[in-house]
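Report on the structure
Each chain, letter by letter, is given below.
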Amino acid sequence: MSLDSILPVAPARVRALALPIGQIKRDRFSSFVQRLNEEHVVHLRDITADGRPNRNMFSPLAFPDGAMFYDLITYVPPPSHLALAPFELFREPLALIAIADGQELENAAFSKRQSANGYAPTMAERNIRTLYQELEDLRDAYPKVLTHQVLIFDYAPHTDNAIPIPEGIKIIPPVEHSKRTTIKTVMCDISSLLLAEMTTLAKSFEGMTAIDSPGQAPTRPGLNGSSWNSDDATPAARRNSQYAVPTITRSVSSSGTVDRGQARMSMPVPFKSLPFGSGNSTPSARPTTPVRSGLSHPPTTFDDIASANGSNLDVASPEHHASSRPGTAESTKAASQDKVSVQGFGPGGLNERWRNKGRGRVTIVVGSMYLQAGRWIDALKELIEGATVAKSVNDHLWHGKALELITICLLLLGWVGVEFQVPTVCLPPNDKTISSISKGPEAEGGDPNQPKYLRNLQTLLPELLERIIGLYSRISGEQLPPLSLSESIVRFCSLLTALHLGEGRLGKESLDSIVIGKLPVKELTTSPRLAVAPPRAQIATMLFKAFPSSAPELLTTVDRSIILSKIAVVLGLLGYHRKKALVVRELVSVLIGGLVEARTRGAAEVGIHPAAGLVALNAANGHGNGAGALELGEGDIEHGIDAFLGLLCKVYGVVSFDGAVRESSGDSSRIGDTDESVISRIQDQSSDRYFGFKNIKLNILRACINFSEALPDFNGVLKFSSDLLRTAGSGVAPGPRREDAAPIITRDEQVRLITNIAKTSSLSQRLGLGHLSAEYWDEFLVRGITLDPLSPTRTPIPHSKNVLPGVTTARTSQDVNPFIYNPFTRAPDKTAVERSLVAGEDATFRITLQNPYEIDVDVESIKLDTEGANFESSTASTVIGPYRTQILKLSGTPRAAGSLRITGAIVKVRGCRERRFPIFPHPWAPDTETKIKGIGLAALERNKKSSSPGAPLEPDSIGLNVISAQPVIVIKSTTLFQSSVMILEGERQVFSITLQNLSSTTPADLLLFSFQDSTQGPLQTALTSRDATPAELYEYELILARKQALRLCKIDDSKRYIAPGSTATFDFEILGKPGLTNGKIQVDYAYLGVPQAEITDEFHTRQVCLDLAITVNASVELARMDVLPIQGAVPKPIWGRLGAKDAEAEPSLSGEEYCLLLLDLRNAWPSDMQVCLKADSGITIKEHILPGNTNRVIFPVPRVYIDDPHASIPALNPSRQRQFVVSSSKITPEIERGNREAFWYREKILEKLSGSWRTLSGPSREGGIELRGIRLAPRMIEAIKIDEVGIEVSIGNTQTEGSSQEGNTIYVDEFAKIRVVITNRMDEPIYPTLRLMPSLCHRPLNVALDFTRKFAWNGTLQQSLPLVEAKSRTEVLVGVIVLCRGEFEISASVEETQLWIPPKNQPEGRRERSEMEIMMDAVLGAKERRVWHSRRPCFVSVRDRG
């Protein structure tokens, strides 16, 4: 209902019936009515007065400050309203405005019949004549209307060929050609005609001797408007005379047959008989329901019986009596006409009283006409006179009506600023003076700026309205019908509400709200307003007196609904939203019963079953807000049935989808389904759940469902059924703690609701209403989405661009130092791998869905919702069982590379709208510990605006990286049988693997090979041991670096390419070594598309692996070894007999240059073996070893000189820093020096020596002998090493040079010279001290040194020598003489006299020693002076010369 229907000045409004005529569409008709409504207030100063002298009773010139208020309606008032006239004359339409569309004039003929005025040359003229004929029909159909007018909107006639416009038709140009005063001028013209014709109506009332009260038996037939638009009314019975026959006019006499024929009846004809112009363009008017029983009340006093007899001057005909129905006004009238009066005549008699009552009522009716005509001063005079007469004869109803109309006059005068004085008849019975009223407000300290006359009226209003209600409610022979009484009370309360909203002051703001319905800007809350008079509680108490009775015989369903809606509006203005909700709840109950009954009657009229969906066809015509279900035009309602029921649900705190009415539309876009809106919706719903009482909410929703089904309104059924499930649910996301998430309604009701939703949605689909759907009731439907891991062969592994072999300094993978970090052998990052997809390849996702209800949820379709890169998701369907979480697998394919994010799922539940659901993986429940006392909707709004005290609600998303299309490579074949191989120690075998590219579009342009075997793990573990010595660490690293079990045979980089759908073969080599049991070849491949150097970001590879089962058997084992010095020269024939080749190159092997290496080699393979040993000097020895035998091989190896045998042991792994740590155990510097010497001399021996084997029987096999098992003892080192300082001692006579060969002979008592050659092989000079030690041969030590009397020398045997430079030699000569015969041996030793300290200024070419080297040398202890001895003494044979 619009606010205009409860305006306090509603009795001053002139009701005008706006009807469509000709061909016109509904929306255009509504727009034309809206244009007229903009000028519904017409001031009298703008109206032209009628020039006829007998039509100037309501001339606008008498009161130019007045105004007429129009109430444009598009429906015929119900009979219960028309029956209240002339007591409430404003309920009858006094004007009829037929609206035509000017754009349709030239399209098609409005009527098929020929024009009565002859042939029309154009279509527009023909249709205008048709409109005139339909205007005549409207005059015949509505004879009680005073003026009839046709308005043709949006029509601009041609200036060259003007069409004559008949009288009674006006043309209104389009909006763009109209002036500001166009519509106003039209309304003024209609008002001028209406004021002229109101004179005739007023004269007809003045000619009546009596007027019946509403609900009483009429003294004259047709007095109360029963034939307002009846079909049997003759054209001569029109109340308007401007187009009627001149000889037939309304009589001004007090009686006569003409007056009786023109009187109005109380009931209209059935609604379906009303002519509404042409068929398809005319909107349906408001359907009405006839009154079930009469609203009349029989006379209860003798005065009423006498009054009825006295007023019945004309006896009704027998036919009229025969047509009357029991229980109606006519039946009561017939019964009352049989009674006669027994009172006498004269002053104070019944006749005099009856005449005064009739005169007073006529005066009041004429005063109400003055009020409608805008002549409020004249109306005030008439009404004061009528109120005085009615009060004197105890005519309570009319007395109250007069006081009500006087109040309206005073308000209107105050609105236009005309000063007035409150009539005496309005004063309280015990206070009759005006002075007492004027003193009241001043005594109370009123507003000094307020005019005095308004202050007096303000003070008087509450008591005056209470008195009027008392007069209406007084028990007497005449009682006001409930409809009129209730609406009057509502208008009075609306008046007091406007005064209350104006802070209790009757001023401009309050008067604007009272007269033109201007709503206040500020809305009231539940806060008390004790200082404002009249108080809200008093207004609410008065308002509930208008609450209609539930008895169906007193009020029709329509009237009861109208009253309840008006009460609800006033309560809403007062801020009593909960009281308003109670009234609306009652209104819904009333409407349900009325709709079911109307539906049943409508179905019976057309001959179908009432359960059939009749009104569904109305929804198919385009109504989406419930208007179609009630047969209402779009202009008849402001917000529709959905908003009406939504307001009811909002007051009670029903948990709706979005807190507002969702307008149905065919757009299924995800408006309102973003993460922010869903979180806001969940928080608002959580606030709604803890507001109000759940059982009341459920009852309200059940009533809304019943109301929607009674219409039937498909959209309402779907909406409120889902809201009921939502309100009954818990609204939580249960977690592992098993929160109680079960709904509070029974399972049967849940099944009934979801079945109702499914059936309604299915029916709407069949009717073509695909846009109608419910909203799913659980926001936590999607609890998780995870990506299933891809198969290991298809998993893309991310790498940095720096790991590419072409970018780094490392070479291809088969040559990469194993100690350099290889990113392709490490375990990939699990998180990065799980978030990577390949464009064009399917991926599988697991979606976790929850259903906290005890019913099955039928998911018709579900697909993933993504952002970023183009992604194509498959669609699946499932049924979620009751009260559970369920996992559904869903596949999807990314179509382009880029960043991809899975943000939720788009789900279509059966009967519900397809919408997006975010991911809520974590449990969530609102925090209910904090309770804040609050009353009313304002408390709910505060709770919604305040931050949620519970856990934060965060939706989840899955970030994925989609890479470009990649090839898929598999191992097609291998030359190994079942990927297994048997090999001997030291043997190398080559096998091949064929790779196939399964992709038909993408090649593989990057192939990287990595290898793993069973020996790497123990070696890596040993490398991490803190107890390992540097020599052991070097050995471990050497095995890893130089003796790889698997490697790729070198190929050209151009062959590292596999075209789409093709194959490529690669050769690999395997080396047998102890501990090798299994191996794996890993191929990392990718499609880069650009050269490796141009990679700007990371790249992804895939892996394909081949696992190998390896069996390594023993071949030739090194059982034992030893190193012996050579004592003298070895002739070459001996080496030839030993099998040595190239022995001719050396005539003999001297002990100074060679030593003997003894190797015990064992053949562990059941086949003859031939062993071949080679040295750098070219010596080769071959040995045949039988199976299981051990042969000893003697092999000469060159002795070794090492510049720095105490140097630090190196580390092959450059990233390892432990090479500077000698050992974790405490050892002496001597032991450390020994260990280093053993390491370096062993390495030198292994560099010069190599060995191989091959089988002589069985399958041909060959390999290498592992010689790194050699370990050198100190004795062996002495045999191998060449000293840093060489000492050569020789003797000879003075004439010849001596030699150091054995058998040197000198003679007794002859001079000889001992020559000592000292050779410095080091890189630094030394300060030597030479000591010669002659001794006797073949004697014990104590005897051998006793040579002083046998051996004489010149000088001393010990002498210090000058500095010997690096890489240089010096000679020392000592003269000796032997005194006796015999054999002597002369040995020598060299000792450092002092340590050589290098100078500070070193040569530029020599690198300075680092601090770390200096620190490592400190491990060897302090540097001491060294001593070197001659390896062989000089043997001298002394003889006598003879």
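Data block above holds the structure.
Residues numbered from 1 in each chain as written. Predicted model: local features only at pLDDT ≥ 70, side-chain atom pairs only at ≥ 80, totals over all residues. Heavy atoms only, no water.

Quick notes on the overall build of the protein chain
For the protein chain, the count of helices and strands is 33 helices and 45 strands. Contacts in the protein chain between residues far apart in sequence, at least 24 positions, make up 78% of those at least 6 positions apart. (Helix = DSSP H or I, 4+ residues; strand = E, 2+ residues; numbered from the N terminus. Contact = heavy atoms within 4.5 Å.)

A few points about the packing of aromatic side chains
This model, assessed by the stated rule, comprises 21 aromatic pairs. The interplanar angle of 65 degrees and the centroid separation of 6.5 Å between the aromatic rings of Phe87 and Tyr472 together place this pair among those described as edge-to-face. Of this pair, Phe87 sits in the loop between helix H2 (79-82) and strand E4 (93-101) while Tyr472 sits in helix H13 (residues 452-473), placing them 385 residues apart in sequence. Judged on exposure class, the residue Phe87 and its partner Tyr472 are both buried. An aromatic cluster of three or more residues is present, and its members are Phe991, Phe1009, Phe1011, Phe1066 and Phe1068. Above the face of the Tyr576 ring, Lys579 is positioned so that its terminal group lies 4.5 Å from the ring centre. The aromatic ring of Phe917 is capped on one face by Arg915, whose charged end is 4.0 Å from the ring centroid. (Phe/Tyr/Trp six-rings, centres within 6.5 Å; stacked < 30°, edge-to-face > 60°. Buried < 20%, exposed > 50% of the residue type's maximum accessible area, 1.4 Å probe, protein only. Lys NZ or Arg CZ within 6 Å of the ring centre and 35° of its normal.)

Some remarks on the sheet that holds strand E7 (residues 782-787)
Across the sheet, 4 strands lie side by side as E7-E10-E14-E12; this open sheet has antiparallel pairing. The open sheet terminates on both sides in strands that have one partner only, identified here as E7 and strand E12 (871-873). Sheet twist, expressed as the average angle between the axes of neighbouring strands with direction ignored, equals 30 degrees. Across 3 bridges, E12 lies against strand E14 (residues 884-894) in antiparallel orientation. (Pairing = 2+ DSSP bridges. Axes fitted to C-alpha atoms, helices over the stretch in contact; angles between N-to-C directions.)

Quick look at the pattern of salt bridges
Applying the stated criterion across every chain, the model contains 66 salt bridges. Here Lys184 makes a salt bridge to Asp46, at a shortest N to O gap of 3.2 Å. With Lys184 in helix H4 (residues 182-206) and Asp46 in the loop between strand E2 (41-43) and strand E3 (67-73), this residue pair connects regions lying 138 residues apart in the sequence. Exposure remark for Lys184: the relative accessible area of 31% places this residue in the partly exposed category. Taking the shortest distance from any N to any O, the salt bridge between Arg1426 and Glu1392 comes out at 3.2 Å. In this pair, Arg1426 sits in the loop between helix H33 (1411-1418) and strand E44 (1427-1429) while Glu1392 sits in strand E43 (residues 1382-1394), placing the two residues 34 residues apart along the sequence. On the basis of relative accessible area, Glu1392 is assigned to the buried category, the value being 2%. Taken together, the shared-partner salt bridges connect Glu88, Arg91, Lys401, Glu404, Glu487, Arg491 and Lys566 into one network. (Salt bridge = Lys/Arg side-chain N within 4 Å of Asp/Glu carboxyl O.)

Remarks on the sheet that holds strand E38 (residues 1311-1320)
Strand order across the open sheet formed by 4 strands is E36-E38-E42-E40, with antiparallel pairing between neighbours. Sheet topology places strand E36 (1285-1293) and strand E40 (1351-1353) at the edges, where each strand pairs with a single neighbour. Each strand axis lies, on average, 30 degrees off the axis of its neighbour in the sheet, ignoring direction. Sheet topology places E40 next to strand E42 (residues 1368-1378); 3 bridges connect them, and they run antiparallel. Each residue of the ladder has a partner; that of Phe1351, found in E42, is Val1378.

Quick notes on helix H21 (residues 675-689)
Over its 15 residues, H21 extends 21 Å from the first C-alpha to the last, a length consistent with the 21 Å expected when each residue adds 1.5 Å. Listing the buried residues of H21 in full gives Val678, Ile679, Arg681, Ile682, Gln685, Ser686, Ser687, Asp688 and Arg689. (Expected span 1.5 Å × (residues − 1).)

Here's the deal with the packing of helix H27 (residues 1016-1023) against helix H28 (residues 1030-1042)
With their axes 10 Å apart at the nearest point, H27 and H28 run at an angle of 150 degrees to one another. The angle between the axes of H27 and H28 places the two elements in the roughly antiparallel class. Crossing of H27 over H28 shows left-handed handedness. Here Gln1016, Leu1019, Gln1020, Ala1022 and Leu1023 of H27 lie close against H28, whose contacting residues are Leu1033, Tyr1036, Glu1037, Ile1039 and Leu1040. (Parallel < 35°, antiparallel > 145°, perpendicular 65-115°, else oblique. Left-handed = near helix turned anticlockwise from the far one by under 90°.)

Section: the environment of Leu554
Counting through the fold element by element, Leu554 comes out in the loop between helix H16 (536-543) and helix H17 (557-574). Among the residues examined, Leu554 registers a relative accessible area of 32% and is labelled partly exposed. Remark: the alpha-carbon pair of Leu554 and Pro481, spanning 73 residues in sequence, is separated by 7.9 Å.

Overview of the side chain of Arg916
One can find Arg916 in strand E16 (residues 915-918). Only 2.7 Å separates the side chain of Arg916 from the side chain of Asp675, close enough to count as a polar contact. A polar side-chain atom of Arg916 sits 3.2 Å from the main-chain carbonyl oxygen of Thr903. (Polar contact = N/O pair within 3.5 Å; in protein donor to acceptor, adjacent residues only side chain to side chain.)

Quick word on the packing of helix H23 (residues 714-728) against helix H24 (residues 747-766)
Axis separation between H23 and H24 bottoms out at 10 Å; the angle between their running directions is 150 degrees. With respect to H24, the axis of H23 lies roughly antiparallel. The crossing of H23 and H24 is left-handed. Facing Phe714, Val717, Leu718, Ser721, Ser722, Leu724 and Leu725 of H23, the residues of H24 in contact are Glu749, Gln750, Leu753, Asn756, Ile757, Thr760, Ser761, Leu763 and Ser764.

Comments concerning the pairing of strand E39 (residues 1327-1336)
Burial analysis of E39 places 7 of its 10 residues in the buried class, which makes it a mostly covered element. Bridging between E39 and E43 involves 10 bridges; their strand directions are antiparallel. In the sheet register, Pro1334 faces E43, and the bridge partner there is Ile1386. As paired elements, E39 and strand E41 (residues 1358-1360) share 3 bridges and run antiparallel to each other. By the bridge assignment for E41, Arg1331 is matched with Gln1358.

Any functional reading would require information that these geometric values do not contain.
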